[in-house]
Amino acid sequence: MIKAVLFDMDGVLYDSMPFHVRAWSEVSDKYGLRYAPEDFYLYEGRTGDSTLDILFGQTFGRDATEEEKRDIYQEKVVIFNEINSGEMMAGAAEVLQQVGNYGLETLVVTGSGQHTLIDKLNNDFPGYFQREKMVTAFDVQYGKPHPEPYLMGLEKAGVQADEAVVIENAPLGVRSAVAAGIFTIAVNTGPLPDKILLDEGASLLFHDMHTLAENFARAIRRATGHRPAQDSELL
Ligand code: MG
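Residues numbered from 1 in each chain as written. Predicted model: local features only at pLDDT ≥ 70, side-chain atom pairs only at ≥ 80, totals over all residues. Heavy atoms only, no water.

Student: Hey, could you run me through unusual backbone geometry in this one?
Tutor: With the exception of glycine, most residues fall at negative phi, and the peptide bonds are largely trans. Here the amide bond leading from lysine 144 into proline 145 is cis, since omega sits at 15°, within 30 degrees of zero. With respect to the helices, strands and loops of the structure, proline 145 is situated in the loop between helix H6 (115-124) and helix H7 (148-157). (Helix = DSSP H or I, 4+ residues; strand = E, 2+ residues; numbered from the N terminus.)

What follows is the structure, given as structure tokens:
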């Protein structure tokens, strides 16, 4: 029986990914870090530190130092906060309403370390997310794509893997959730091909949150009695 829904934040609850990509691109340009804009959709879910290690690795052949991580991530956060519209993802409120109708518990599991968004959750989606039950960049050691954040989410929800559902938009987020043994619904709200999310092991895929809300009953039925590595289904 499904008891809890674990939500990713960026690209699922907030339409924030285009602004993260712009902010990452700006700081990367400034520091001469090599990237392709699409890369930031592929890295999504990683902590800022982990993303910077990749950028430094592919540019300079080494990890970023602690100082570089602190300074550059801070600059990225400042830029993001300046440009971010703060808009909720279309259809996210409808999905939460469905989750509420089923009496399921709701948690956020995010790689984000941005207080502005985390603090906004309770205003934008009142009654759904308690801070002490969130998993953020501040709580984890490894972060996605490691299963750690979603395992921590299960623990905070007090449920087993087969009693939960994850809603994710990012390939590495899907990988993390699937590795934690949880039925994972991909909502492809970005520019990446569906195949990447399905190849990571998403069991269902929707193109937007409206469609997920409309098909919520079906999704929960599919998730009930889920065994990992079931066939994927494209909707
Ligand atoms: Mg996301």
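Student: Explain the domain arrangement of the chain to me, please; I cannot follow it from the model alone.
Tutor: Often, the extent of an interface is quoted as the loss of accessible area on bringing the components together. Taken domain by domain, the chain holds domain 1 (4-16 + 87-234) and domain 2 (17-83). Placing a centre on the C-alpha atoms of domain 1 and another on those of domain 2 gives a separation of 24 Å. At the interface, 22 residues of domain 1 touch 17 residues of domain 2. Counting the surface lost from both domain 1 and domain 2, the interface buries some 1,500 Å², and carbon and sulfur atoms represent 57% of this. (Domains from an automatic or database assignment. Contact = heavy atoms within 4.5 Å. Buried area = accessible area lost by both parts, 1.4 Å probe.)

Student: For this particular structure, what's the right way to read the coordination of the magnesium ion?
Tutor: The expected angle between donors at a tetrahedral four-coordinate metal is 109.5 degrees. At an octahedral six-coordinate metal it is 90 or 180 degrees. Around the magnesium ion, the protein supplies Asp8 (OD), Asp10 (O), Glu44 (OE) and Asn169 (OD1) as donor atoms, at distances of 1.9 to 2.2 Å. One chain supplies every donor to the magnesium ion, and in sequence these donors are spaced D-x1-D-x33-E-x124-N. Residue glutamate 44 is found in the loop between helix H2 (39-43) and helix H3 (48-60), and its partner asparagine 169 is found in the loop between strand E3 (164-168) and helix H8 (171-179); the two are separated by 125 residues along the sequence. (Donors = N, O, S within 2.8 Å, 3.2 Å for Na, K, Ca; no water.)

Student: Explain the side chain of glutamate 148 here, please?
Tutor: Position of glutamate 148 relative to the elements: it lies in helix H7. The buried charged residue glutamate 148 lacks any salt bridge, with lysine 156 as its nearest oppositely charged partner at 11 Å. From its side chain, glutamate 148 meets the backbone nitrogen of glutamine 141 in a polar contact 2.7 Å long. In terms of polar contacts, glutamate 148 uses its side chain to reach the backbone amide nitrogen of glycine 143, at 2.9 Å. Once residues within four sequence positions are removed from consideration, glutamate 148 is found in contact with Val140, Gln141, Tyr142 and Gly143. (Buried < 20%, exposed > 50% of the residue type's maximum accessible area, 1.4 Å probe, protein only. Lys, Arg positive; Asp, Glu negative; His and termini not counted. Salt bridge = Lys/Arg side-chain N within 4 Å of Asp/Glu carboxyl O. Polar contact = N/O pair within 3.5 Å; in protein donor to acceptor, adjacent residues only side chain to side chain.)

Student: Looking at this model, I keep getting lost on the packing of aromatic side chains. Mind explaining?
Tutor: Pairs of aromatic rings are described using the distance from one ring centre to the other and the angle between the two planes. Applying the stated criterion across every chain, the model contains 10 aromatic pairs. Ring geometry for phenylalanine 56 versus phenylalanine 60: centroids 5.4 Å apart, planes at 55°, classification tilted. Of this pair, phenylalanine 56 and phenylalanine 60 both sit in helix H3, 4 residues apart, which is roughly one turn of the helix. With centroids separated by 5.4 Å and ring planes inclined at 65°, the aromatic side chains of tyrosine 102 and phenylalanine 216 adopt a geometry described as edge-to-face. Within this pair, whereas tyrosine 102 is found in the loop between helix H5 (92-101) and strand E2 (105-108), its partner phenylalanine 216 is found in helix H11 (residues 216-223), the two being separated by 114 residues in sequence. Note on phenylalanine 216: relative accessible area 1%, which makes it buried. (Phe/Tyr/Trp six-rings, centres within 6.5 Å; stacked < 30°, edge-to-face > 60°.)

Student: Whenever I open this one, the packing of helix H1 (residues 17-30) against helix H4 (residues 66-83) confuses me. Can you help?
Tutor: Working note: a packed helix pair is described by the angle between its axes plus the distance between those axes. Axis separation between H1 and H4 bottoms out at 9 Å; the angle between their running directions is 135°. The orientation of H1 relative to H4 falls into the category oblique. The hand of the H1/H4 crossing is right-handed. Mapping the contact onto sequence places Phe19, His20, Arg22, Ala23, Trp24, Glu26, Val27 and Lys30 in H1 and Ile72, Tyr73, Glu75, Lys76, Ile79, Phe80 and Ile83 in H4. Among the residues forming the contact of H1 with H4, the class breakdown is 9 nonpolar, 1 polar and 5 charged. (Axes fitted to C-alpha atoms, helices over the stretch in contact; angles between N-to-C directions. Parallel < 35°, antiparallel > 145°, perpendicular 65-115°, else oblique. Left-handed = near helix turned anticlockwise from the far one by under 90°. Nonpolar A, V, L, I, M, F, W, Y, C, P; charged D, E, K, R; others polar.)

Student: It is not clear to me how the pairing of E3 should be interpreted in this structure. Could you clarify?
Tutor: A regular strand carries its side chains on alternate faces of the sheet. With 5 of its 5 residues buried, E3 lies for the most part within the structure. Of the two faces of E3, the one carrying Ala164, Val166 and Glu168 and the one carrying Val165 and Ile167 are both buried. Where strand E1 (residues 4-7) lies against E3, 4 bridges are found, and the strand directions are parallel. What sits directly across from valine 5, in E3, is valine 165. (Pairing = 2+ DSSP bridges.)

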